[in-house]
Amino acid sequence: MKINKELKVCINESSFISMKCRNKLLKIFSEEFSVNLDISNYKNVDLEIKEDFTILYRDDVYSPSNKITTFEELEEKYLSFKKRADELIKKKDINFQNKTNWNNISNLIIVICIFLVMIGIGILVVHSFLIGDYYNCLWFMVFIVPAIVPRLKDSLSNRIQQAKRYLMSLFQKK
């Protein structure tokens, strides 16, 4: 049945977005078809409308409280469900392009902040040395710089590469 295939697609799309979205979709189905489904955070959910208009959900058969007697009535309920389900999925849909751009921009900001912090520490070290405060100068060079630099080395190089690729892609687009 075409309706069952479309139901599986809707459930898979909503499951891809989140479990909460999938559960909302199942609640919409319950409302439209007048069925009291056990909506829990199951890992897998199978939903199917059988030939006798009963509903098979996780190997349990449910009968609608308002009996469905004709295929037209089933189709009408399904179209109403499909409309509400499409609205839910479009509202919750994830836009990966915008998310990637946001991640790249935040990465660029983090790289700039890390460089500013490193420059600030460098200025403090040089300032301490120039004013003759050798205790603070040694403290910065012995404790602060070695504590920060090894942790930042790998992640900073990865972030710099990502920021470089992002900036290059921006310049190539223009």
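Our structure's up above, just so we're on the same page.
Presented here is an overview of the structure given in this document. None of the values given here were measured: they were computed from a predicted structure. (Residues numbered from 1 in each chain as written. Predicted model: local features only at pLDDT ≥ 70, side-chain atom pairs only at ≥ 80, totals over all residues. Heavy atoms only, no water.)

1. Description of the overall build of the protein
Then comes step 1: Assigned secondary structure in the protein consists of five helices and three strands.
Then comes step 2: Its helices and strands taken in sequence order, the protein reads α-α-β-β-β-α-α-α from the N to the C terminus.
Then comes step 3: Residues classed as buried in the protein amount to 28% of the 174 residues present.
Then comes step 4: Sequence separation of at least 24 residues holds for 51% of the intrachain contacts in the protein that already meet a minimum separation of 6. (Helix = DSSP H or I, 4+ residues; strand = E, 2+ residues; numbered from the N terminus. Buried < 20%, exposed > 50% of the residue type's maximum accessible area, 1.4 Å probe, protein only. Contact = heavy atoms within 4.5 Å.)

2. Quick notes on the side chain of Ser-128
Then comes step 1: By the secondary structure assignment, Ser-128 is in helix α4 (residues 96-130).
Then comes step 2: Take Ser-128: its relative accessible area is 6%, and that puts it in the buried class.
Then comes step 3: Dropping the residues within four chain positions of it, Ser-128 is found in contact with Asp-133, Tyr-134, Asn-136, Cys-137 and Phe-140.

3. Focus on the sheet that holds strand β1 (residues 47-49)
The strands making up a sheet associate through hydrogen bonds between their backbones, and the pairing can be parallel or antiparallel.
Then comes step 1: Taken together, three strands build an open sheet; the order of strands is β1-β2-β3 and the sheet is antiparallel. Every other strand in the sheet has two partners, leaving β1 and β3 (60-62) as the edge strands with one partner each. Put simply, the sheet's adjacent strands are angled 25° from each other on average, direction ignored.
Then comes step 2: Bridge count for β1 against strand β2 (residues 55-57) is three bridges, and the pairing is antiparallel. Along β2, the bridge assignment pairs Leu-47 with Tyr-57. (Pairing = 2+ DSSP bridges. Axes fitted to C-alpha atoms, helices over the stretch in contact; angles between N-to-C directions.)

4. Overview of the side chain of Thr-54
Then comes step 1: Structurally, Thr-54 is set in the loop between β1 and β2.
Then comes step 2: Of note is the side chain of Thr-54, whose polar atom sits 2.7 Å from the side chain of Asp-52.
Then comes step 3: Apart from the residues within four sequence positions on either side, Thr-54 is in contact with Glu-48, Ile-49, Val-61, Tyr-62 and Ser-63. (Polar contact = N/O pair within 3.5 Å; in protein donor to acceptor, adjacent residues only side chain to side chain.)

5. What to know about the pattern of salt bridges
Then comes step 1: Enumeration according to the criterion identifies four salt bridges in this entry.
Then comes step 2: Residue Glu-6 pairs with Lys-2 through a salt bridge whose shortest N-O separation is 3.8 Å. Taken together, the residues span about one helical turn, with Glu-6 and Lys-2 both in helix α1 (residues 2-17) at a distance of four residues.
Then comes step 3: Judged by relative accessible area, Lys-2 falls into the exposed class, the value being 63%.
Then comes step 4: A salt bridge links Lys-82 to Asp-86; its shortest N-O distance comes to 3.6 Å. Placement of both Lys-82 and Asp-86 in helix α3 (residues 71-92) is noted, with a separation of four residues, approximately one turn of the helix.
Then comes step 5: Look at the salt bridges and you will find they share partners, linking Glu-31, Glu-32 and Arg-84 into a network. (Salt bridge = Lys/Arg side-chain N within 4 Å of Asp/Glu carboxyl O.)

By themselves, these observations are geometric and do not establish any function.
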